[in-house]
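Take a look at the letters that make up each chain.
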Amino acid sequence: MSGEAPTLFVRRASGLVRTVGPFTAFMIVFTHTVGGGIHRLAVIAAYQHPAAFVPYSFLITGLALAIPTALVYTMLGAMMPRTGGDYIFISRGLNPTMGFLASWGFWFTEVLSYGIIAWYSIDFFVGAVTAAGIALNDEGLLATAQWMATTEGHWILGITFVLIFGAIAYLGMRIYGWIINILGTIAIIGCITNLLILGTWGLGPMGAVNGWGSLYGAGAYEKIVAKAFEIGMAKGNLPIAAFDWGATIAAGVGAIWAYIGIVSAVFVGGELKSPGRSLFFAQVAGTILIMLYYITLPFLVYTSYTVPQEVLAKVPGALDYLAKNNIPADRVYFTALYYYLMNELGADGVAKLLGVPSSHLLPPRVVTSFTIPLVPKGMEWLQILNGTLVGIVLLKDIPAFFVVASRMIFAWAFDRFFPEMFAAVDSRFHTPYWAVTLTLLGGLVGVALTAGGDWAAAADTSNLYQFAVMLACLAAAVLPYLRRDLYEKSPYKWEIAGVPILTILGLWGWAANFFFFYVTTHEIFYYWGGYSTDIALQQSAWMGIGALIFTAFLVYNTKRGIDVRTIYTEIPPA
């Protein structure tokens, strides 16, 4: 038996290789970020929070949170270009225990989110297959779409997507990078089709009214509005309200979830060819581009689907109801009414109302259900293309989530604070294969979690994301003073009046993210309509397990004679 003391880290080199260039780094950010948050949660946000103006939710969170946070992570990532992201930043810049716990919570967010994405994506494909079935008059396609829309269909397809991308993840970053680039390019085309359709036909006079009439027969749009008002006024639960800033901030939960991923390139810091340039291009320029899309898309959707005065005037009691409740007429959104009616009557009831088979109905919670009807007759190919491409927009998120989540496990294990087998790297593909396997299993749990409700899953995961990024921002604020040795290595040592810009941005990011941490926490407690501790208890148990693991490895490593304190004063080897 050798008497040689263990090395500080698991190995003297990580075993990972620098194969990721600026374009792939941007695609990791884009594919991780743009997906279900904007194309699904932005649509249902007006139903969850009727008093919100959703484009403002995405604008505020983008300016207050996304851009400052992206700048902080870019500066920290250029300073410490190692795999593991904010686990490295917080553990080296602030406190090792908080670094592990923040990363532990964020891993929960990541690994469940890609399972959520797998679930979300199916409704988009349902829309595409439904549009194809209607256009081709193919009952087989319509029946397939109907099965896909069931809980069973979601379970089977969601698990299948997770398993496929999990298997590909074993092939390493070079191959995975190509897949991310290809899917990302397809996704950009899908996003453009959304803007093209909404801008061309949605903004025209009575564009949505005529579109729904074309797809489901004359008067379909008016029938949905009238029935929703009839039921909602009787029950007093119409999803319509005057504008309110509080609701707009609360709707920001969906926006926060939509922005998760803007800093994902730092998690492969040890695999970036040129960290400083790649991170700035991917995370800062990428976040600005994404924010522009996030503001434009909901603005076009809610403008196109504001119920016209002409339609409201024909609904018995509608204008009186709005006047009585001080609700401006331009606050009535068809998207929320359609979702409401599907909940109240079910698909069979809405289909009966419209006089079509229920298999012809588009799912109410995805943006393509409000782009596809706008496409004129004779251009059904565009309906199918739009639905399919936007489905891929969501599906393409999964590889990036896989990369980020598996690299966090690798970083813990490389520091000896997780079973060391998870730091093992395949010699051929340079993949942390055990970390990938554990990430795959977590994604399957994410599929199950989403069955409990879209908004609950988003609030749950957004809350833990906020916990991680606010601590990373705090680490950035104090790092120039507590770890001058690290700060001196940064290529971005800009200052204002002698104060590092990293400190200024870090303080802002800490405070702004702390505020939205409360916003997401409120959603967690009140998601079920009243005070409920279900999700909070689940999160507390998870974070308690994280604290137990860190403490156990602290004791174990100390007994082995490993200098734990020094581990967290050094940057892991590349």
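For the structure, check the block above.
Predicted, not measured: the structure shown is a model, and the values here were computed from it.

Procedures and definitions
Residues numbered from 1 in each chain as written. Predicted model: local features only at pLDDT ≥ 70, side-chain atom pairs only at ≥ 80, totals over all residues. Heavy atoms only, no water. Helix = DSSP H or I, 4+ residues; strand = E, 2+ residues; numbered from the N terminus. Rg over C-alpha atoms; globule rule 2.2 N^0.38 Å. Buried < 20%, exposed > 50% of the residue type's maximum accessible area, 1.4 Å probe, protein only. Contact = heavy atoms within 4.5 Å. Lys, Arg positive; Asp, Glu negative; His and termini not counted. Charge placed at Lys NZ, Arg CZ, Asp CG, Glu CD. 1 Å grid on protein atoms, 1.4 Å probe; cavity = no way out; pocket = protein on both sides within 12 Å on 5 of 7 lines; lining within 4 Å. Points joined across faces, edges and corners; volume = space filled by probe spheres on them. Nonpolar A, V, L, I, M, F, W, Y, C, P; charged D, E, K, R; others polar. Phe/Tyr/Trp six-rings, centres within 6.5 Å; stacked < 30°, edge-to-face > 60°. Patch = residues over 30% accessible without salt bridge, like charges linked within 9 Å, V, L, I, M, F, W, Y side chains within 5 Å. Areas by Shrake-Rupley, 256 points an atom, 1.4 Å probe, with all protein chains shown as cover. Salt bridge = Lys/Arg side-chain N within 4 Å of Asp/Glu carboxyl O. Core = buried A, V, L, I, M, F, W, Y, C linked by side-chain atoms within 4.5 Å. Axes fitted to C-alpha atoms, helices over the stretch in contact; angles between N-to-C directions. Parallel < 35°, antiparallel > 145°, perpendicular 65-115°, else oblique. Left-handed = near helix turned anticlockwise from the far one by under 90°. Expected span 1.5 Å × (residues − 1). Bend = angle between axes of the 7 residues up to and from the residue. Polar contact = N/O pair within 3.5 Å; in protein donor to acceptor, adjacent residues only side chain to side chain.

Draft legend 1. Main features of the overall build of the chain. For the chain, the helix and strand inventory stands at 24 helices and two strands. Over its C-alpha atoms the chain spans a radius of gyration of 24 Å, differing by no more than 12% from the 25 Å that the globule rule assigns to 574 residues. In terms of overall dimensions, the chain has C-alpha extents of about 85 × 50 × 40 Å along its principal axes. Every one of the 574 residues in the chain was classed for burial, and the buried ones make up 61%. A separation of at least 24 residues holds for 83% of the contacts in the chain among residues at least 6 apart in sequence. Of note, the chain has its 29 positive side-chain charges centred 9 Å away from the centre of its 30 negative side-chain charges.

Draft legend 2. Structural view of the layout of surface pockets. The calculated volume of the second largest pocket comes to roughly 250 Å³. What lines the second largest pocket is a set of 16 residues, among which Ser 91, Pro 96, Arg 565, Tyr 568 and Thr 569 lie closest to the centre. Looking at the lining of the second largest pocket, the elements with two or more residues in it are helix H4 (86-93), helix H5 (96-136), helix H23 (534-559) and helix H24 (564-567). Per-class residue counts for the lining of the second largest pocket are eight nonpolar, five polar and three charged.

Draft legend 3. The arrangement of the packing of aromatic side chains in detail. With the rule as written, the count across this model stands at 49 aromatic pairs. With centroids separated by 6.0 Å and ring planes inclined at 50°, the aromatic side chains of Tyr 433 and Trp 434 adopt a geometry described as tilted. Through a chain of ring-to-ring contacts, the aromatic side chains of Tyr 87, Phe 100, Trp 104, Trp 107, Phe 108, Trp 412, Phe 417, Phe 418, Phe 422, Trp 542, Phe 550 and Tyr 568 assemble into a single cluster.

Draft legend 4. Quick look at a nonpolar patch on the surface. A contiguous nonpolar patch, built from Tyr 481, Ile 496, Val 499 and Ile 504 and spanning about 360 Å² of accessible area, is present on the exposed surface. By the element assignment, Ile 496 lies in strand E1 (residues 495-496).

Draft legend 5. Inspection of the nonpolar core at higher detail. With 205 residues, the main nonpolar core has Val 225, Phe 229, Phe 334 and Tyr 338 as its most contacted residues. Here the element with the most residues in this core is H5; it accounts for 21 residues. When neighbours within four sequence positions are excluded, Val 225 is seen to be in contact with Val 307, Val 311, Leu 312, Val 315, Phe 334 and Leu 337.

Draft legend 6. Region of the structure containing the packing of helix H1 (residues 22-33) against helix H8 (residues 173-202). Contact pair H1 / H8: the axes reach a minimum separation of 9 Å and the direction vectors enclose 60°. The pairing of H1 with H8 is recorded here as oblique in orientation. When you trace H1 past H8, the crossing you get is left-handed. Judged by residue contacts, Phe 23, Thr 24, Met 27, Ile 28, Phe 30 and Thr 31 of H1 engage Met 173, Gly 177, Ile 180, Asn 181, Gly 184, Thr 185, Ala 187, Ile 188 and Cys 191 from H8. Looking at the contact of H1 with H8 residue by residue, the classes come out as nine nonpolar, six polar and no charged.

Draft legend 7. Focus on the environment of Pro 572. Take Pro 572: it is sitting in the segment after H24. Along the chain, Pro 572 and Ile 327 lie 245 residues apart, while their C-alpha atoms are 58 Å from each other. Setting aside chain neighbours within four positions, we find Pro 572 in contact with Phe 9, Arg 82, Ile 88, Arg 92, Phe 414 and Asp 415.

Draft legend 8. Just the pattern of salt bridges, in detail. Tallied over the full model, the rule gives 10 salt bridges. Here Asp 123 ties to Arg 40 by a salt bridge, and the two come within 2.9 Å at their closest N and O atoms. Pair noted here: Asp 123 is in helix H5 and Arg 40 is in helix H2 (residues 36-48), with a separation of 83 residues, a long-range link. Of the two residues, Asp 123 and Arg 40, neither departs from the other in class, the shared state being buried.

Draft legend 9. Region of the structure containing helix H13 (residues 275-304). Over its 30 residues, H13 extends 42 Å from the first C-alpha to the last, a length consistent with the 44 Å expected when each residue adds 1.5 Å. The axis of H13 is deflected most strongly, by about 35°, at Gly 286.

Draft legend 10. Structural detail: the side chain of Thr 31. Tracing the chain through its elements places Thr 31 in helix H1. A polar contact is formed between the side chain of Thr 31 and the backbone oxygen of Met 27, at a distance of 2.5 Å. Within the local environment of Thr 31, its side chain forms a polar contact with the backbone oxygen of Ile 28, the two atoms lying 3.4 Å apart. Setting aside residues up to four positions removed in sequence, Thr 31 forms contacts with Ile 180, Gly 184, Lys 396, Asp 397 and Ala 400.

Draft legend 11. Inspection of the side chain of His 360 at higher detail. Its location among the elements puts His 360 in the loop between helix H16 (334-354) and helix H17 (380-395). Judged by relative accessible area, His 360 falls into the buried class, the value being 15%.

Draft legend 12. Representation of the packing of H2 against H16. At a closest axis distance of 8 Å, the pairing of H2 and H16 adopts a crossing angle of 75°. In this view, H2 runs roughly perpendicular relative to H16, as classed from their interaxial angle. Contacts between H2 and H16 pair Ile 44, Ala 46 and Tyr 47 from the former with Ala 336, Tyr 339, Tyr 340 and Asn 343 from the latter. Here the contact of H2 with H16 is built from residues that sort into six nonpolar, one polar and no charged.

Draft legend 13. Representation of the environment of Leu 389 in the model. For Leu 389, the position within the fold is in helix H17. Placed 195 residues apart in sequence, Leu 389 and Asn 194 show a C-alpha to C-alpha distance of 9.7 Å. Aside from chain neighbours lying at most four places away, what touches Leu 389 is Ile 186, Ile 189, Gly 190 and Thr 193.

Draft legend 14. Layout of unusual backbone geometry. Phi angles above zero are rare outside glycine, and Arg 416 is one such case at about 70°. As for its position among the elements, Arg 416 is in the loop between helix H18 (397-414) and helix H19 (433-450). The exposure class of Arg 416 is buried, given its relative accessible area of 4%. Despite not being glycine, Ala 497 has its phi angle at roughly 55°, a positive value. By the element assignment, Ala 497 lies in the loop between E1 and strand E2 (499-500).

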